[in-house]
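The residues making up each chain are set out below.
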Amino acid sequence: MKFALVDNKKKEAEKGLKGLCPICQQPVIAKCGKYKINHWAHKSLKHCDSWWENETEWHRQWKNTFPVEWQEIVAIDENSGEKHIADIKTNGDMVVEFQHSNISEEERISRENFYRNMIWIVDGTRRKRDFSHFKEAFLYNSIWLASQNDPLYVLETDFSYLPKEWLNSRVPVLFDFKGLLDKNEKEYDRDSLREPLWCLLPGGGNNIKVLCKFNRKTLVELIQGGGIIFNYDVINNTINQAIQYRNLRRRYGYY
Ligand SMILES: [Zn+2]
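Residues numbered from 1 in each chain as written. Predicted model: local features only at pLDDT ≥ 70, side-chain atom pairs only at ≥ 80, totals over all residues. Heavy atoms only, no water.

> Any details on the overall build of the chain? Residues and values, ideally.
Across its full length, the chain carries five helices and 14 strands. In terms of overall dimensions, the chain has a C-alpha envelope of 70 × 50 × 30 Å along the principal axes. When the 38 basic and 35 acidic side-chain charges of the chain are each reduced to a single mean position, those positions are 3 Å apart. (Helix = DSSP H or I, 4+ residues; strand = E, 2+ residues; numbered from the N terminus. Lys, Arg positive; Asp, Glu negative; His and termini not counted. Charge placed at Lys NZ, Arg CZ, Asp CG, Glu CD.)

Below is the structure:
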């Protein structure tokens, strides 16, 4: 955790500082070492929030893009009393979860059900092949631009180009294929597909997935402005028209 309660205030870990966990109220210790980012850890190894993942630099960088008051917010289910820490919760009550580690479908679903109004931002660099697959989809025209507005892209039939654990999400999933710069990597070596965030929209049916491309800065501004709202009716109409037009062109021999 980035924050613990010290004298009832959210504080970042500093050497020697002691605090309480905002979820279970148990003592936590400040860990300020050389190799890991500064964080708070429970005295016992088991963390009270089973959904908690150890933060990577990537995770922390994303979190720090947003105001401190929105970071690590305790969310409680009124019926069950279940508590979890949301990475970011905006003024508009939208939750943003950053996911680096592997996640089971079961856990993904329970988190989506718990937070409801949420989006995922997923580290697309954890497995190297995820980005190369994604890139192939563009090379083979399996992902194609359906509308310049927004802009929207379509992926048809073969979904193996996308990380499979996210395919059936019922909330928007944004893939970040940029990750952190490798020591040996130069900025200009970077692929242009890595720079934007690729948002897989929920729904789309059995044969189609829709992706919306976001400029990073714009996305952050949108979230800071309260959240992102997609008009799925308009999106579906646009996509259907684009596919019809594409099919027509194909029928007359234009590709
Ligand atoms: Zn705890």
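We are not done yet, so read on.
> Quick one: what's the story with the coordination of the zinc ion, residue by residue and with numbers?
Distances from the zinc ion to its protein donors, namely C21 (SG), C24 (SG), H42 (NE2) and C48 (SG), fall within the range 2.0 to 2.2 Å. One way to put it: the four donor atoms around the zinc ion meet at angles of 106 to 113°, and that makes the site tetrahedral. Motif for the zinc ion, donor spacing along one chain: C-x2-C-x17-H-x5-C. Note that C21 is positioned in the loop between β3 (18–20) and β4 (27–31) and C48 in the loop between β5 (39–42) and α1 (57–63), a separation of 27 residues in sequence. The exposure class assigned to C21 is buried, which follows from its relative accessible area of 0%. Take C48: its relative accessible area is 33%, and that puts it in the partly exposed class. (Donors = N, O, S within 2.8 Å, 3.2 Å for Na, K, Ca; no water. Tetrahedral: all angles 85-135°; square planar, octahedral: opposite > 155°, others 65-115°. Buried < 20%, exposed > 50% of the residue type's maximum accessible area, 1.4 Å probe, protein only.)

> Account for the nonpolar core, with residues named and values stated.
In terms of nonpolar packing, the biggest core is built from 31 residues, with W62, F214 and L219 touching the most fellow members. The next biggest cluster of nonpolar side chains, apart from the first, holds 30 residues, and it includes W51, W120, F177 and L193. (Core = buried A, V, L, I, M, F, W, Y, C linked by side-chain atoms within 4.5 Å.)

> So what's going on with the environment of L193? Residues and values would help.
Residue placement: L193 occurs in the loop between β12 (173–176) and β13 (197–200). Considered as a pair, L193 and D176 are 17 residues apart in the sequence and their alpha carbons are 9.9 Å apart. Not counting residues within four places of it along the chain, the set of residues in contact with L193 comprises F131, K135, F138 and W198. (Contact = heavy atoms within 4.5 Å.)

> Residue-level account of a nonpolar patch on the surface, with values.
Taken together, the side chains of L248, Y252 and Y254 define a hydrophobic patch exposed on the protein surface, amounting to about 370 Å² of accessible area. You can see L248 is positioned in helix α5 (residues 232–251). Judged by relative accessible area, L248 falls into the partly exposed class, the value being 39%. (Patch = residues over 30% accessible without salt bridge, like charges linked within 9 Å, V, L, I, M, F, W, Y side chains within 5 Å. Areas by Shrake-Rupley, 256 points an atom, 1.4 Å probe, with all protein chains shown as cover. Salt bridge = Lys/Arg side-chain N within 4 Å of Asp/Glu carboxyl O.)

> Give me the lowdown on the UniProt feature "domain: Competence protein CoiA nuclease-like" (unreviewed entry) in the chain, citing residues and values where you can.
Those residues carrying the UniProt feature "domain: Competence protein CoiA nuclease-like" (unreviewed entry) are residues 91–134 in this numbering. Note that residues 91–134 is 41% helix and 25% strand, and that its end C-alpha atoms are spaced 33 Å apart. (UniProt positions renumbered as here; feature names shortened; annotations may be inferred.)

> Tell me about helix α3 (residues 128–139), and please be specific about residues and values.
Between its first and last C-alpha, α3 extends 17 Å over twelve residues, near the 16 Å set by a 1.5 Å rise per residue. All of the buried residues in α3 are D130, F131, F134, A137 and F138. The arc that holds every buried residue of α3, seen down its axis, measures 115°, which confines them to one face. Relative to its buried face, α3 has exposed residues pointing more than 90 degrees away, namely K128 and L139. Looking at the packing, one finds that the buried side of α3 touches β10 (143–147), β11 (152–156), β13 and β14 (208–214). Just downstream of α3 lies N141, where phi reads positive at about 60°. (Expected span 1.5 Å × (residues − 1). Arc of directions from axis to C-beta.)

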